[in-house]
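Here is what each chain is made of, one letter per residue.
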Amino acid sequence: MTTPASSQPEDTLGHVVHTAQQIAATDVEDVRHAMRTALAGARDLTGARAAVLTVEDEEHPGWVAHVLTDGVAPDDPVVEALTSSTVHDGPEAVLGTPVVVGGQRFGTLHVVGATRPDDAAVPSCLRLVATVLGLRLGKERQRRVAGLYEGVAASLWAIDRTIVESVDLEVALPLLTDRARELTGARAVALVGTRPDGELRVLAASGPEAGAALAELGPDLREVMADGSPHHWTTTRDPVSMAATATPRTGDAAADPEARSSTSLVPLDTRAGLPTVLVVHRWSPSPGVSARQVRDVISALALHATLVLDREHGERDHDLVTLLQDRDRIARDLHDLVIQRLFAVGLTLQGAARHSEDGELVERLGGAVAELDQTIRDIRATIFELRHHPGAGSFRADLRQLVESYASTLGFAPVVHLRGPLDSVADEEVHTQVLMVVREALSNVARHARATSVVVTAEVVDDPSALRLVVRDDGVGIGPGVAESGLGNVRARATDRGGTVELRRVRPHGTELIWSVPL
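This is a predicted model, so every value here is computed, not measured.

Undergrad: Talk me through the packing of helix 10 (residues 395–405) against helix 12 (residues 428–449); I want residue IDs and the actual numbers.
TA: Packing of helix 10 against helix 12 leaves a shortest axis separation of 10 Å and a crossing angle of 15°. In terms of their interaxial angle, helix 10 and helix 12 are classed as roughly parallel. Every pair of crossing elements has a handedness; the one defined by helix 10 and helix 12 is right-handed. Contacts between helix 10 and helix 12 involve F395, D398, L399, L402 and V403 on the former and, on the latter, H431, V434, L435, V438, R439 and L442.

Take a look at the structure:
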C-alpha cells in the first residue's frame, strides 16, 4: 500500500535505504522485476498516485521504445502524454528524473500525484531511486553484453573447428546460420548467394520461417546485392508510442514480443566475386544489450562467413589445379609412353606380316594390328576426356545443384537443408531416385502450388537407418480429391525400395511431401 513520504528525516532515510536494497536485491537476470521494484519504491517514497518509466528508443532519439507503469493503466491520459510530445496539463503534479546507464540516458522515471511536490525531499528521493536503478541496470547490461560476446567467441571457435583440415560448406555454413539465430534471437537466418546466371541460391538457412522470410525480402536482397552496402531497419506497430501494445494486467508496454523487431541484410565481400548476403530477419536484442551491439555481432558473423567462403574457394581452386595437373600428367604419359609403345608394337607386327608367307598368320597379324589401332584411338579419346572434364560432383552437390536450378522456374530461390552423411550413401540407384523425386516435387510446386517459398530437406536418419526427403511449400495446399494427383511416380519410387510416402496439408497453408526409403 502506498503511503505519503514521512516528515521525519530518520524515517525517510530508512525508507530510502530499504528501497535501494530492494532494487539491488532483485534477481540478477530479471531486469523487468528491477524496474517494477523501482516504480513501486518511487511511489512509496514520494507518496505518489502512480509511477511511470519511459524507456528511450536508442535508434530514434525522442521516441519511446517501452513503457512500464505502476498504479495507472497504460492507456491513461497521463501515460499517453508522457509517451508523446503532448504537454500534461492535468490537476496532478508530474515529476521526472533521468535514468542513466553507462553514461547514457536510458529513460525517465516519473511520479504522478506526489502528495508533497514542493517538498525538496521528494525530487531527491526520486533521483536516488533513478540512480540506484541505473546502477542495477548497468550491472546487468555488462553481464548480458559479456555473455553475448562469450557466445560469439564460442560460436566462431565451433565454426573454425569444422574447417581445420578442409572446408565443408554443408557443415560450416548451416552451423554459422544456426549460431547466428541463437545469438540474435532472430526468427530466420540465411546466407543467400547468386549463381553465374544471376539467380539467387540459398547457401544455408536456419529457422522454420526462412523460406517465407526470403520470399518477403526478395527485392531488398536484390538492392543490397546491387549497391553492396548493409541495410538495417526496425519495424514496430507504433514507433512514437509503444503504450498501445501494453497489457492492462502488467502495465508493461513491451509485453508484446511481436511489437518490435529488426532485420539486417549484410553483404559479404568474397573473392569469388558473386554477390552473397547474410540475412538476419526479425531479431530483437535481449534486455541490456543494445541494437548497435547486435548489429556488430551480425557484422562479425558476416565477416567470418566471408572467411569460410574464401577459404573454400581457395581450396577448390587448389584442388582443381592439382586435379588438372594430375590429369595432364596422366594424359601426357599415355600419349608419350603408352601410345608410342603400342604404335611400335603395331609397326613390328606389320613388318612381320610382310615377311610371312603363311596366309593364316598374315590375317591374324593384321587383326592384331587393327585391334592395336582401335586401342590407340580409345586411349586418345580418354586423353581428351581427361583434359576437358574436371570430374563429377558428390551426391550432396548434385542435390543442391538440382534444387537451385529450379529458382528461375519457381520465381524465387528455394531453401535447401542437407543433413547427415548423405555422401556415404553408396547406392547409386538411391541417388537417382532421390533426384527424380525432388525434380517431380518441385515441378508440381511450380505448376500447381502458387507458392512463394519452398524448403527441401534431405537427411540420413538412424534407428532405423533411412534416407528421408521433405519438400514443403507455402502454396494453396491440397484440394479435395486431388491428394494423389501427380503422386503415382513418387509413391512407386518409394514402394519399390520398401519406403513410404506421406502428403499432408500444413498450416496456415501449403503442402508437405515426406518421402523415405530404408538404407
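Structure's up, so let's keep going.
Undergrad: Help me get a handle on the sheet that holds strand 13 (residues 500–505), residues and values and all.
TA: Within the open sheet, the five strands sit side by side as 10-11-12-14-13. Their pairing is mixed. Both outer strands of the open sheet, strand 10 (415–419) and strand 13, are each paired with one neighbouring strand and no more. For this sheet the average axis-to-axis angle between neighbouring strands, irrespective of direction, equals 10°. Here strand 10 pairs with strand 11 (residues 454–461) via five bridges, running parallel. When the sheet's bridge partners are listed, L418 is paired in strand 11 with A458. Its contacts with the sheet put helix 10 on strand 10, strand 11 and strand 12 (466–473), and the angle it makes with strand 10 is roughly 165°.

Undergrad: I'd love a proper account of the side chain of S443, names of residues and values included.
TA: Relative to the elements of secondary structure, S443 occurs in helix 12. Residue S443 is classed as buried on the basis of its relative accessible area, which comes to 17%. Polar side-chain contacts of S443 include one of 2.8 Å to the backbone oxygen of R439.

Undergrad: I'd love a proper account of the pattern of salt bridges, names of residues and values included.
TA: Summed over all chains, the structure comprises 15 salt bridges. Residue R144 pairs with E140 through a salt bridge whose shortest N-O separation is 2.5 Å. With R144 and E140 both in helix 4 (residues 121–161) and four residues apart, this pair spans about one turn of that helix. A relative accessible area of 17% means that R144 is categorised as buried. For E140, a relative accessible area of 1% corresponds to the buried category. Notably, a salt bridge pairs R187 with E209, separated by 2.6 Å at the nearest N-O pair.

How each quantity is defined
- Residues numbered from 1 in each chain as written.
- Predicted model: local features only at pLDDT ≥ 70, side-chain atom pairs only at ≥ 80, totals over all residues.
- Heavy atoms only, no water.
- Axes fitted to C-alpha atoms, helices over the stretch in contact; angles between N-to-C directions.
- Helix = DSSP H or I, 4+ residues; strand = E, 2+ residues; numbered from the N terminus.
- Parallel < 35°, antiparallel > 145°, perpendicular 65-115°, else oblique.
- Left-handed = near helix turned anticlockwise from the far one by under 90°.
- Contact = heavy atoms within 4.5 Å.
- Pairing = 2+ DSSP bridges.
- Buried < 20%, exposed > 50% of the residue type's maximum accessible area, 1.4 Å probe, protein only.
- Polar contact = N/O pair within 3.5 Å; in protein donor to acceptor, adjacent residues only side chain to side chain.
- Salt bridge = Lys/Arg side-chain N within 4 Å of Asp/Glu carboxyl O.

By themselves, these are just geometric observations and shouldn't be taken as functional.
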